[in-house]
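Commentary on secondary and tertiary structure
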Amino acid sequence: MPGDSQSSPMSDKTVQSSSVVGMPSLAANGDIAAAAAIALLGAVVLSLRPGLPFAVRAAIVVPLVLFVPGYVIVGALFPAEKGVQTARMEPSLVERFGLALGLSIFVVPLIGVVVDALLSLTLVPVLDTIAAVTIAAGLIALVRRTRLPTAEQFHTTRAIRSAFSGARERPLTQLFLIGAVLLSVVAIGASGVVATTGDGDAVTEFYLTTEGPDGGQVMATAETIGNDSTQQLTVENPADPVGEYTIVARTGVVADGDVTDRRTVGQTTVTLDRNGTATTTYDLELDRGERPIVLTYLLYEDEPANTPTRENAVRWLRVRIE
Amino acid sequence: MVESSYGRLPVAPDLAIVGLGLLIAVVLFPLRFLSGQLFIQVLPPLIGVACLVYLAGRYRNVADPIGFDRRRLGTDGRVAAGLTFLGIGTLALVGATQGGRTLPFLAVSGLVGSAILAQILFLDDEALGVGLVLTQVLALAIVVRFTALLTTPGLVGVDSWTHLTEYATAIRAEDSLSAIAGVKYRTAPLFHVLVVVVADALGAPLRTATYLSLGLALPLATTLCYAIGNALFEERWALLAAAIFAMSDHVVRWGVHIIPTSMGLVFFLGTLVAATRLVNGDTRWSSYLLVGAFGVATALTHQISAFILLVVLGVGSAVQLLWPLLPTDTRRGGWLWPVFLLETGVVLGLWSVTPYHDSNFVAELVATVERTLTTSVGFLNLAGPDPTGPGGAAAGATPIGIEFLDALGFFALLFVVVLGGVAVFRRHNASPATGTYAVAAGVLTVFTFGLPLFGFNTFLPGRWYAFMYVPMAIVAAFGCRFAIRQFSPRTAMTGLLVLALVLPGAMAINHKGTPENPVFDEEYVTYSYDDAELAAVETVRETRPDSADPIYTDHPYRTVFERTGATPANMLAIEDGEIVHDTVVYRQYQSQGAPVVMIGNTSGKRQVSMNEVCRREMHRLYSDGEVVVCTGIDGIDGA
């Protein structure tokens, strides 16, 4: 028969008390109380936005969105414990977890859709409604649980205790397991921190814009690049604020598919601002009459090379002038 | 074992199924001479051999049917679990230090997966702790997915850019769903609403919100697969089904490329849990409510997911109605057909008011099906989109050896699925619920492989895999159970050991499960971008005039330009051996990876050099060391 590890036989003592139906106790229904508390906490704290650190907000939001509403709804739908003879079709602890997850990510956005239809999709009414739904489902779960004999009522603590039964056997292996799990958690956490705290690869962007039809700087297109001879050069590297770069402008004559007679026609040094951006303009006033020529902008970190070439520049751009 | 009665069938049901399997194998076998497609080459012999293995097991004289169960390894489950947890921790460190899911990471993940499967398959009953093993499965699933998510700048995949940077961003900006009133997700907004609500609650970007909500929900939903298995057979096999599901390539895919399909998969699992309860006899209103709720949730999330769910519920209803024909378990559970009709009504109702291509979704779907039937369909008409999607097996001239390695996990899974699919119909195994999963696995396979064989790709078969893996994982567990019971312990253990060693590693390297960093990165498209590539998109967005003509770059890079609203973008086209466009965006990937470009009238993967794309006579206006933007010379006057 399919089953779950929680399905342990009931003791005689439990059976004797199974017919007792009374008021809900906090100890037996702590799961519902905790769920309601998280929902209320979420509604209040997240609505007030008291500038909580991200980790704290995440610690509230993740269970609130992924687990809490669904858990109490499952509790309301299935108030009995799995494994008790009269309620063998009740979901196991694992099944409750999975269903809680699925129902939560259904209920939360559904509430959002309803709130959007009535008001607008803003956070406060959504959180308030999630709390209201959670508490209402929790009350239904409490009522349905208390209508069952005590031994048949679902108890999270009992289910968890059952899942960990036998944990005290062989203390050495148990100790090894706990140590391994802790090490694993630390490794995963450290890996997460490493993966999320990096600024990513430093990217140095170097690009040329001209004044577009609307007056703004645009990356030149076939239509815009010929309309103005003033070219704006931008260097961006957010990872390197106040970094210094040198731009060297060189020309060369295109002849027989090759570029000859290369000359340096200008050089300027730029310093990135705090956002890691620097711009400079270059007025295209070429005194050489050969055509077509190639105008090349070479970007260097700090000082340029003695003989500037594309190969020793960190970035380079090119404009062909017919 | 000789059946004394076959009900209304002339032979035992499992023999009828195995006969059908052998017939399919024999009929499809000659296709290998007409098409070189890998699946056509491999599937017929694989199905045939699996059927023969089933027959060998069925007619084997089993002296000790529970011999395997009675063997004792004596291994402490907690020691095995502890070692595996250490492996999972190591895996996370490898991912962080390598900066992503590199080959060493995938190798370690395969080893850890094998360790988990070995525990499930070989530990003694007393040593097998459900909670411990399930925790390992979930931990591995989370580490695998989050290594991909956290080490990849931006988003993974293509559609994720649309759903987050377009739809969810618009909803968040307007505080209203009216922001997506004109798109088909107007009637399926749950994904976008969830992401927006979480982002607002966290005060975080949509990407972070997506990862902390659905990014976690996807691996944790493996518990639902366990729940299905637990309703059908013993814990060991439920764990095996859950582990196979969590490690499967396409399931991992939707855990890193998080879009409504991903969320639909969770609801699909939830519906199947509830439906299984129903069919197994829990006919209380709460079970009906549960299956109805998850069904509606699926319909409100994703159209294809809802369609797949309808197919499975339809299969379940048909199996239930036809089940009395079989000489098997005739226990009455709750009927699925009312649920199927309800879900059909909900889906059709929603689709009829869903805007799609200047019409509604139902009308457009019918028109598309008609169009496909009249224009594209034909036997072995594989010219349409490859069933495995863009960049898939048929996208270019991928060596068949690499294709085989890439699909090895699926083939290993399919082998045990065939075994289990037949074993389900043995009289003492059969129930409407198990029968439903076996038939559903077969029907979904037909939708995924059969229809594309005829050029019918309207139902986007690439999206069906992950859903198909649910019944496949269940039935595969059944296949392993059959092997253990029908073969000698030595034979069974050898076979299962091979499965445990091959499946996790082979699934891990499949390109669909590694969209952000495929192992064979010159054969399969990489659907992620580094910081330089994303910086270029952002700068182009800021500096490109609204009136500018489209830029040209490779697929999938062009999709990021389009879907982030940076600028219109088309695929690079090679015509007469040349690439001639006004404005092109070159990235190093075009020379080193598997970029897709237009070659004549069709798209295919082709590496191109920077000088081919950014020709010498063009202006070179942008460079960040990896990406270069070039434009034509027209308009320069040099004044």
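Worth saying up front: this structure is predicted, and the values here are computed from it rather than measured.

On to the sheet that holds strand 8 (residues 602–605) of chain B. Across the sheet, which stays open at both edges, the three strands sit in the order 5-7-8 (chain B) with mixed pairing between neighbours. Edge positions in the open sheet fall to strand 5 (573–574) and strand 8 of chain B, since each of these has one partner strand only.

Turning next to the packing of helix 2 (residues 30–48) of chain A against helix 3 (residues 54–66) of chain A. Residues and elements named next belong to chain A. Two elements in contact, helix 2 and helix 3, have axes separated by 10 Å at closest approach and are oriented at 130°. The angle between the axes of helix 2 and helix 3 places the two elements in the oblique class. The interaxial crossing formed by helix 2 with helix 3 has left-handed handedness. Residues I38, A39, L41, G42, V45 and L46 of helix 2 form the contact with helix 3, whose own contacting residues are R57, I60, V61 and L64. Along the lines of polarity and charge, the residues of the contact of helix 2 with helix 3 split into eight nonpolar, one polar and one charged.

The next thing to look at is the pairing of strand 5 (residues 258–271) of chain A. Residues and elements named next belong to chain A. Relative to strand 5, strand 4 (residues 244–255) runs antiparallel, the two sharing eleven bridges. Bridge assignment links I247 to a residue of strand 5, and that residue is T268. Between strand 4 and the antiparallel strand that follows it, strand 5, lie two residues; D256 among them carries a positive phi value of about 55°.

What follows deals with the state of the cysteines. All names here are of chain B. Under the criterion given, the structure shown has one disulfide over all chains. Disulfide pairing is shown between C614 and C630; the S-S distance is 1.4 Å. In this pair, C614 is assigned in the loop between helix 25 (610–613) and strand 9 (619–623) and C630 in strand 10 (residues 627–631), connecting sequence segments 16 residues apart. A relative accessible area of 4% means that C614 is categorised as buried.

Residue-level pLDDT values for chain A average 83, and 80% of them are 70 or greater. This model gives residues 1–20 of chain A a pLDDT under 50, and the stretch forms 33 contacts once residues within four places in sequence are excluded.

On the chain B side, the residues contacting the 92 residues of chain A number 102 residues. Between chain A and chain B lies a buried interface of about 8,100 Å² when both sides are counted; carbon and sulfur atoms form 67% of it. When the buried surface of chain A facing chain B is broken down by residue, L121, M219 and R318 of chain A rank first, second and third, together holding 9% of it. Two residues, R284 of chain B and E90 of chain A, come together in a salt bridge whose shortest N-O distance is 2.4 Å. Summed over the shared surface of chain A and chain B, the result is 23 residue pairs in polar contact (both at pLDDT 80 or more). Secondary-structure elements contributing two or more residues to the side of chain A that touches chain B are helix 3, helix 5 (93–118), helix 6 (123–146), helix 8 (171–197), strand 1 (205–211), strand 2 (217–219), strand 5 and strand 8 (315–321) of chain A. In the side of chain A that touches chain B, the residues fall into 51 nonpolar, 23 polar and 18 charged. When strand 1 of chain A meets strand 9 of chain B, the two strands line up antiparallel, connected through two bridges. Looking at strand 9 of chain B, one finds that Y207 of chain A is bridged to Y622 of chain B.

Another aspect to go through is the packing of helix 10 (residues 222–232) of chain B against helix 11 (residues 235–247) of chain B. Packed helices, taken two at a time, are described by the angle their axes make and the gap between the axes. All names here are of chain B. The contact between helix 10 and helix 11 brings their axes to 8 Å, and the two run at 145°. With respect to the hand of their crossing, helix 10 and helix 11 are arranged in right-handed fashion. Note on element contacts: helix 11 touches helix 10 through E235, A238, L239, A241, A242, F245 and A246, opposite T222, C225, Y226, G229 and N230.

All right, on to the side chain of S191 of chain A then. Tracing the backbone through its elements, the reader meets S191 of chain A in helix 8. In this view, S191 of chain A contacts A92, L93 and A96 of chain B; residues no more than four positions away in its chain are not counted.

Glancing now at the pairing of strand 10 of chain B. Residues and elements named next belong to chain B. For strand 10, the buried fraction is high: five of the five residues fall into the buried class. Both faces of strand 10 are covered, namely the face carrying V627, V629 and T631 and the face carrying V628 and C630. Pairing analysis gives five bridges linking strand 6 (residues 583–587) to strand 10, with the strands arranged antiparallel. Counted as the bridge partner of V585 is V629 from strand 10. In the sheet, strand 9 pairs with strand 10 via four bridges, with the strands oriented antiparallel. Paired with Y622 across the strands is V629, a residue of strand 10. Linkage of strand 9 to strand 10, two consecutive antiparallel strands, is achieved through a turn of three residues, within which G625 is found at a positive phi near 95°.

Another point: the nonpolar core. Ranked by internal contacts, the top residues of the largest apolar core, which has 272 residues, are Y297 of chain A together with F410 of chain B. When residues of this core are assigned to their parent elements, the largest contribution, 17 residues, is made by helix 20 (residues 465–486) of chain B. Counting twelve residues, the second-largest nonpolar core is a separate cluster that includes I574, V608, M618 and C630 of chain B.

Basis of the calculations
Residues numbered from 1 in each chain as written. Chains lettered and ligands numbered in written order. Predicted model: local features only at pLDDT ≥ 70, side-chain atom pairs only at ≥ 80, totals over all residues. Heavy atoms only, no water. Pairing = 2+ DSSP bridges. Helix = DSSP H or I, 4+ residues; strand = E, 2+ residues; numbered from the N terminus. Axes fitted to C-alpha atoms, helices over the stretch in contact; angles between N-to-C directions. Parallel < 35°, antiparallel > 145°, perpendicular 65-115°, else oblique. Left-handed = near helix turned anticlockwise from the far one by under 90°. Contact = heavy atoms within 4.5 Å. Nonpolar A, V, L, I, M, F, W, Y, C, P; charged D, E, K, R; others polar. Disulfide = S-S within 2.5 Å. Buried < 20%, exposed > 50% of the residue type's maximum accessible area, 1.4 Å probe, protein only. pLDDT = per-residue confidence, 0-100. Buried area = accessible area lost by both parts, 1.4 Å probe. Salt bridge = Lys/Arg side-chain N within 4 Å of Asp/Glu carboxyl O. Polar contact = N/O pair within 3.5 Å; in protein donor to acceptor, adjacent residues only side chain to side chain. Core = buried A, V, L, I, M, F, W, Y, C linked by side-chain atoms within 4.5 Å.

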